[in-house]
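Fold and geometry: a report
Below, each chain spelled out in residue letters.
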Amino acid sequence: MPRVSAEHLERRRRQILDAAQECFARKGFHATSMQDVFAESGLSAGAVYRYFKSKDDLIAALAADAMVLIGGVLAELVQRDPLPTPSAVIGALTSEIVRIGESSGRVRLAPQAWALAAIDPEGHPYVGAAIGMFRERWREYADRMRAAGWLAPDADTDAVAKTLLGIMPGFLLQHVLLGDTDPEAMARGMELLFDFRKP
């Protein structure tokens, strides 16, 4: 029996996630059932359940995928020369969050995915891995900030990374729930607080 390629598995996973995203966008995630996802994807229940055990798993995977996309933007920013300031990085990342949210709505699932991952062992690997990857990119940025003299030579870059990571959920919650926080405000706030570079 021929082995199924990794590419085929990823295509099938993507097919299911795209179907779930379409259903969530059309009906909302509370009103969407797994039967809706089966119908939208054109796959059997068994085929879908091979990849995702529940609707909560789908939500966690969609949110994690959005975080991976944003993490890719951060990885590119971290490698730029000259190194962008914290305000420039936060401005670019929050702009990407807004763009992804407008095009797919996936970032709006993130708070629910975080809550699910905290209590659901099935959803935890998706979200935990994405957050861990994101924090590692922040640590690389903090290392470069230290090398550039923007941080003290003995600065704890792990602590800096954890702090910078904490800014992004705060932006998302304010943007989604309050509607009065945008990338320009975040970049301006970062510049006022953290851009202490000497001329």
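Throughout what follows, the structure given in this document is the object of discussion. Sequence positions are assigned chain by chain, starting from 1 and proceeding in written order. Local features are withheld for residues below a pLDDT of 70 in this predicted model, meaning they are given only at 70 or higher, and side-chain atom pairs are given and counted only at 80 or more; totals for whole chains, interfaces and linings count all residues. The side-chain numbers reported here are obtained from all heavy atoms of the structure, hydrogens and water having been left aside.

1. Let's talk about the environment of Arg 106
Convention followed: Segments assigned H or I by DSSP are reported as helices when at least four residues long, segments assigned E as strands when at least two residues long, and all are numbered from the N terminus. Whether two residues are in contact is decided by their heavy atoms: any pair within 4.5 Å suffices.
Here Arg 106 is to be found in the loop between helix H5 (86-104) and helix H6 (110-119). In this structure the C-alpha to C-alpha distance between Arg 106 and Ala 185, which are 79 residues apart in sequence, comes to 22 Å. Apart from residues lying up to four places away in sequence, Arg 106 is in contact with Arg 14, Leu 17, Asp 18, Gln 21, Leu 62, Ala 63, Asp 65, Ala 66 and Ile 100.

2. Some words on the nonpolar core
Which entries qualify depends on this criterion: Working definition of a nonpolar core: buried Ala, Val, Leu, Ile, Met, Phe, Trp, Tyr and Cys residues. They are joined through side-chain atoms within 4.5 Å. For every residue, the accessible area obtained with a 1.4 Å probe (protein chains only) is divided by the maximum for its type, and the residue is called buried under 20%, exposed over 50%, and partly exposed between those limits.
Judged by nonpolar contacts, the single largest core of 50 residues is most densely connected at Ile 16, Leu 58, Leu 93, Phe 134, Trp 138, Tyr 141 and Met 168. Per-element tally for this core: the top contributor is helix H4 (residues 55-78), with 11 residues. Contact partners of Ile 16, with chain neighbours within four places excluded, come to Val 37, Leu 43, Ala 47, Val 48, Tyr 51, Phe 52 and Leu 58.

3. Brief notes about the side chain of Asp 65
Tracing the chain through its elements places Asp 65 in helix H4. On the basis of relative accessible area, Asp 65 is assigned to the buried category, the value being 13%. In this view, Asp 65 contacts Arg 13, Arg 14, Leu 17 and Arg 106; residues no more than four positions away in its chain are not counted.

4. A word on the pattern of salt bridges
Here is the rule we go by: A pairing counts as a salt bridge when a side-chain nitrogen of Lys or Arg comes within 4 Å of a carboxyl oxygen of Asp or Glu.
This model, assessed by the stated rule, comprises 13 salt bridges. Among the ionic pairs, Glu 76 bridges to Arg 80, the shortest N-O distance being 3.0 Å. For Glu 76, a relative accessible area of 40% puts it in the partly exposed group. For the salt bridge of Arg 137 with Glu 140, the shortest nitrogen-to-oxygen distance reads 2.7 Å. Placement of the pair is Arg 137 and Glu 140 together in helix H7 (residues 124-147), with a separation of three residues, close to one helical turn.

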